[in-house]
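Spelled out, the chains give:
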Amino acid sequence: MADAPFLAVKNLAKHFAPTAFSRGPVVRALEDISFDIRRGQVVGLVGESGSGKTTIGRSVLRLIEPTSGQINYDGTDITRLGAAQLRRQRRKMQYIFQDPFASLSPRMTIGQILTEGLDIQGIGKKSERRAKAETALAAVELPVDAYDRYAHEFSGGQRQRIGIARALTLEPEFIVADEPVSALDVSIQAQIINLLRDLQLRLGLTMLFISHDLAVVEYICDTVIVLYLGRIMEVAPAAELYARPQHPYTRALLSAIPSLDPLARQDRQVLKGDIPSPANPPSGCVFRTRCPFALEACVGAVPPLRATAEGHLKACIRDDIA
Amino acid sequence: MAITAPDPTVDPTAVPQTKGPLRRALDRFFENRAARAGLLIVIPILLAVSTYPLWWPFGPNTIDLRAMNKAPSAIHWLGSDGVGRDVMARLLQGGRISLLVAVSSVAISTVIGFLVGAVASFGGRLVDGTVMRLVDLAMTLPPVIFLLVLASIAGTGIAPTILVISLLSWPVLSRMVRARLLELRERDFVVAARGMGAGLPHLLFRHGLPNCIDILVVYATLQIANAILLEAGLSFLGLGIAPPEASWGNMLNLARSTVVLENYPWQWMFPGAALVLTVLAINFIGDGLRDAFDPRSDLN
Ligand SMILES: Nc1ncnc2c1ncn2[C@@H]1O[C@H](COP(=O)(O)OP(=O)(O)OP(=O)(O)O)[C@@H](O)[C@H]1O
Ligand code: SF4
Ligand SMILES: [Mg+2]
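The shown structure was predicted, so the numbers you read here are calculated from the model rather than taken from an experiment.

Bringing the overall build of chain B into the picture now. Each helix and strand counted, chain B has eleven helices and zero strands in total. A compact globule built from 300 residues would reach a C-alpha radius of gyration of about 19 Å, whereas chain B, at 25 Å, exceeds it by more than 25%. On the principal axes, the C-alpha backbone points of chain B span a range of 95 × 45 × 30 Å. Expressed as a percentage of the 300 residues in chain B, the buried residues total 46%. For chain B, restricting intrachain contacts to residue pairs at least 6 apart in sequence, the fraction spanning at least 24 positions comes to 70%. Summing over all exposed atoms, chain B offers an accessible surface of approximately 14600 Å²; the carbon and sulfur share of this is 71%.

This next bit is on the overall build of chain A. The number of helices and strands found in chain A is eleven helices and twelve strands. Its C-alpha radius of gyration of 21 Å places chain A within 12% of the 20 Å reference for a compact globule of 322 residues. Overall size of chain A, expressed as C-alpha extent along the three principal axes, is 65 × 50 × 50 Å. In chain A, which comprises 322 residues, the proportion classed as buried is 53%. Restricting the contact set of chain A to residue pairs at least 6 apart, pairs at least 24 apart contribute 63%. Side chains of chain A carry 38 positive and 35 negative charges; the gap between the two charge centres is 5 Å.

A separate point is the sheet that holds strand β1 (residues 7-16) of chain A. Residues and elements named next belong to chain A. Strands sit in the order β2-β1-β4-β5 across an open sheet of four strands; the sheet is antiparallel. Bordering the open sheet on either side are β2 (27-37) and β5 (76-77), each of which pairs with just one other strand. Pairing of β1 with β2, which is carried by seven bridges, proceeds in the antiparallel orientation. In the sheet register, Ala8 faces β2, and the bridge partner there is Asp36. Against the sheet, helix α1 (residues 53-60) engages β1, β2 and β4 (68-73), with an angle of about 60 degrees to β2.

This brings us to the packing of aromatic side chains. In this description, a pair of aromatic rings is defined by centroid distance and the angle of the planes. Residue and element names in this part refer to chain A. For the structure shown, the criterion picks out twelve aromatic pairs over all chains. One aromatic cluster is present, built from ring pairs that chain together Phe6, Tyr73 and Phe174. Over the ring of Tyr147 we find Arg130; its NZ or CZ atom is 3.8 Å from the centre of that ring.

Next up on the list: the nonpolar core. In terms of nonpolar packing, the biggest core is built from 58 residues, with Ile110, Val140, Ile164, Leu168, Phe209, Val224 and Val226 of chain A touching the most fellow members. For this core, the element with the most residues is helix α6 (residues 186-203) of chain A, which contributes six residues. Dropping the residues within four chain positions of it, Val140 of chain A is found in contact with Arg161, Ile164, Ala165, Leu168, Leu195 and Leu199 of chain A. Within the second largest apolar cluster, 50 residues are counted, among which are Phe29, Val87, Leu150 and Ile228 of chain B.

Here we take up the confidence of the model for chain B. Residues and elements named next belong to chain B. For chain B, the mean per-residue pLDDT works out to 85, and 92% of the residues sit at or above 70. Looking at the elements of chain B, mean pLDDT is at its lowest for helix α5 (residues 143-154), recorded as 83, and at its highest for helix α7 (residues 188-195), recorded as 95. For the stretch residues 1-15, pLDDT sits under 50, and the model shows 31 contacts to residues farther than four places along the chain or on other chains. Model confidence for the complex: the whole-complex pTM is 0.85, and ipTM, which rates the interface, is 0.90.

Turning to the interface of chain B and chain A, a few remarks are in order. Counting residues at the interface gives 37 residues for chain B, matched by 46 residues for chain A. Both faces considered, chain B and chain A share a buried interface measuring about 3800 Å² in area, 55% of it formed by carbon and sulfur atoms. There are two salt bridges connecting chain B and chain A. Asp188 of chain B is the salt-bridge partner of Arg58 of chain A, the closest N and O atoms lying 3.3 Å from each other. Across the chain B-chain A interface, the total number found is twelve residue pairs in polar contact (both at pLDDT 80 or more).

What follows covers a nonpolar patch on the surface. Residues and elements named next belong to chain B. The grouping of Val144, Ile145, Leu148, Val149, Ile153, Phe236 and Leu237 at the surface amounts to a nonpolar patch, some 640 Å² of accessible area in total. With five residues, the single largest contributor to the nonpolar patch is α5. With respect to the helices and strands, the residue Ile145 is situated in helix α5.

This paragraph deals with the packing of helix α4 (residues 126-139) of chain A against helix α5 (residues 156-169) of chain A. Residues and elements named next belong to chain A. In contact at an axis separation of 9 Å, α4 and α5 are set at 135 degrees when each is read in the N-to-C sense. Looking at the two axes, α4 sits oblique to α5. α5 is crossed by α4, and the crossing has right-handed handedness. In contact with Lys132, Ala133, Ala136, Leu137 and Ala139 of α4, α5 contributes Ala165, Leu168 and Thr169.

Mapped onto the secondary structure, Ser103 of chain A falls in the loop between β6 (93-96) and α3 (110-121). Given a relative accessible area of 1%, Ser103 of chain A falls into the buried group. In this view, Ser103 of chain A contacts Phe97 and Arg166 of chain A together with Asp188 and Phe189 of chain B; residues no more than four positions away in its chain are not counted.

Bringing the pairing of β6 of chain A into the picture now. Residues and elements named next belong to chain A. The alternating pattern of β6 places Met93 and Tyr95 on one face and Gln94 and Ile96 on the opposite face, and all of these are buried. Relative to strand β7 (residues 174-178), β6 is paired through four bridges, and the arrangement is parallel. Bridged to Gln94 within β7 is Ile175.

This part is about unusual backbone geometry. The linkage connecting Pro243 of chain B with the following residue, Pro244 of chain B, adopts the cis geometry, with an omega of 10 degrees. By secondary structure assignment, the location of Pro244 of chain B is in the loop between α8 (200-236) and α9 (248-253). Although it is not a glycine, Asp32 of chain A sits at a positive phi angle of roughly 50 degrees. With respect to the helices, strands and loops of the structure, Asp32 of chain A is situated in strand β2. Accessibility expressed as a relative area gives 45% for Asp32 of chain A, which makes it partly exposed. If you check the backbone angles, Glu171 of chain A has positive phi at about 50 degrees while not being a glycine. You can see Glu171 of chain A is positioned in the loop between α5 and β7.

Residue and element names in this part refer to chain A. In the vicinity of ligand 1 lie 14 residues, with Ser49, Gly50, Lys53, Thr54 and Thr55 positioned nearest. Separating an oxygen atom of ligand 1 from a side-chain N or O atom of Thr55 is a distance of 2.5 Å. Looking at which element gives the most residues to the shell around ligand 1, the answer is α1, with three residues. Split by residue class, the shell around ligand 1 holds four nonpolar, seven polar and three charged.

Right, let's talk about the site of ligand 2 for a bit. The local shell around ligand 2 holds 13 residues, among which Cys285, Arg288, Cys291, Cys298 and Cys316 of chain A are the closest. Its residues placed into classes, the shell around ligand 2 shows ten nonpolar, one polar and two charged.

Rules and cut-offs
- Residues numbered from 1 in each chain as written.
- Chains lettered and ligands numbered in written order.
- Predicted model: local features only at pLDDT ≥ 70, side-chain atom pairs only at ≥ 80, totals over all residues.
- Heavy atoms only, no water.
- Helix = DSSP H or I, 4+ residues; strand = E, 2+ residues; numbered from the N terminus.
- Rg over C-alpha atoms; globule rule 2.2 N^0.38 Å.
- Buried < 20%, exposed > 50% of the residue type's maximum accessible area, 1.4 Å probe, protein only.
- Contact = heavy atoms within 4.5 Å.
- Areas by Shrake-Rupley, 256 points an atom, 1.4 Å probe, with all protein chains shown as cover.
- Lys, Arg positive; Asp, Glu negative; His and termini not counted.
- Charge placed at Lys NZ, Arg CZ, Asp CG, Glu CD.
- Pairing = 2+ DSSP bridges.
- Axes fitted to C-alpha atoms, helices over the stretch in contact; angles between N-to-C directions.
- Phe/Tyr/Trp six-rings, centres within 6.5 Å; stacked < 30°, edge-to-face > 60°.
- Lys NZ or Arg CZ within 6 Å of the ring centre and 35° of its normal.
- Core = buried A, V, L, I, M, F, W, Y, C linked by side-chain atoms within 4.5 Å.
- pLDDT = per-residue confidence, 0-100.
- Buried area = accessible area lost by both parts, 1.4 Å probe.
- Salt bridge = Lys/Arg side-chain N within 4 Å of Asp/Glu carboxyl O.
- Polar contact = N/O pair within 3.5 Å; in protein donor to acceptor, adjacent residues only side chain to side chain.
- Patch = residues over 30% accessible without salt bridge, like charges linked within 9 Å, V, L, I, M, F, W, Y side chains within 5 Å.
- Parallel < 35°, antiparallel > 145°, perpendicular 65-115°, else oblique.
- Left-handed = near helix turned anticlockwise from the far one by under 90°.
- Near = heavy atom within 4 Å.
- Nonpolar A, V, L, I, M, F, W, Y, C, P; charged D, E, K, R; others polar.

In structure tokens form, the structure reads like this:
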């Protein structure tokens, strides 16, 4: 690619050290995470619960401090920004939360919630802020009279729309959407996904879209990153990943999707065992304890992420498992 | 999951306009019978205490030489004391002082308690550790001894008494505030505010304070009752409000003399009763506020 990536994450690691009160081992939530997102692209991040998706999403916006690594955002390494610069930077990047109940303050009206960012950033006069908030409400297809109400008066789907509207009021370029529909009724999920897709296209947003639902990811994402136990297993353009998954873990994930095709159902491959603890990850390939193709060599060294085709990377030493 | 035809219709907003959480808490408060009774006692006391010079003929230090140690009568409704001062006037003035001392010291200790708790919880691990060890230290000091030492350093009078009482009671509050804010800090809506660039003042005053309002109100109310008792105790021991200024505490001090205790009960019974009644009523109000703010009561 000729143009430099919009977001370039390099060797990101996050270890949660035990606090003074909770003694215990260091949790290695992320290890050696590197990926790029080009401007206007939607990159999906999939993995089981506890694989580190939220930790990546929050580190990328520096809502938690990474242990090491760089996060280059349009040319600036945001891990090196001072407090004041970081605050200015925050205007350009926003987060959409998984839980629409926890993410809205019960003590604020929707108007206060939507104008909070403008208020913090000192953008506009009061009337202008209101106008921007109402524009955002319209963009997420909520009635304008929501402005003076409290969050508890709205359903989960409506609250998630408010959460999306809040992320939009600062007119960001980049959004991290952390499982934005997984807490919602299935009947509403499609609406919210479509809304996000529309907004992303219309506003030209760049997005990191976190999900554990591969079907959703396939629909909305250009590229997909598969995460397991804090490490990247495979990266590929969405269509390619679904057509030609290379990594044993990706295959297992894909075969776990309920299918109507009886042939596909036949070679369904169920993962044995549980995901190991990130406090004590397996040596070598972190997936080896559950991998049906594991060899002696998988124990020794961490398999590097290497290209198998244009834009398709995998972290597995075996090429013979087509 | 199948993503079918885009159907971005809004789920209908059928829920009617309702009140904010603070309004709902207040509604619950007014449904509480004991709390309403508390208000019915406290409000007239406040009114009487603040307006008495307008309607009561005697001042707290007016001396009526013809009435020394006189029992309640038509002129001196609550009797008079050993130097001929009107007990009713001293009771009302004493209420003024006692309530002034209590309210001011609680206001000060609430501000200190909130700020210390807030700084500890939002200031990072090192600040938190240091501040909370100091709070622990302040809490392990035996309160009675601490109070007496402080009082003997500060001296008597209104301002020193306010200082002494306010320095005694903030550590408990700062612990409660810290616990609440530590939990709040991890809530998504606070993370969202940080993600929009919020600094410490915004986080503390736009999120911290509104989400501690229940703790603060309940603490302040119950602490006012406590401070009235502390003032009375100090003044009773001669360490608080010194005569000739009146306070409920130093009026009770008279009862230390057996002559007064046995022969002139009106001189100590009325301030005693006023004290007990006020403290009780304020405690009713405080309990009512605590129940009204209980998060569980929002569920039903
Ligand atoms: N503040 C923290 N302190 C200690 N460990 C943490 C902390 N936050 C996350 N972890 C650990 O890091 C790992 C990754 O967590 P993370 O929340 O990123 O997973 P996730 O992929 O988002 O999972 P989910 O699908 O459940 O949201 C988990 O093992 C988790 O227990
Ligand atoms: S490296 Fe080995 S254990 Fe890991 S996925 Fe490949 S085959 Fe399985
Ligand atoms: Mg998560």
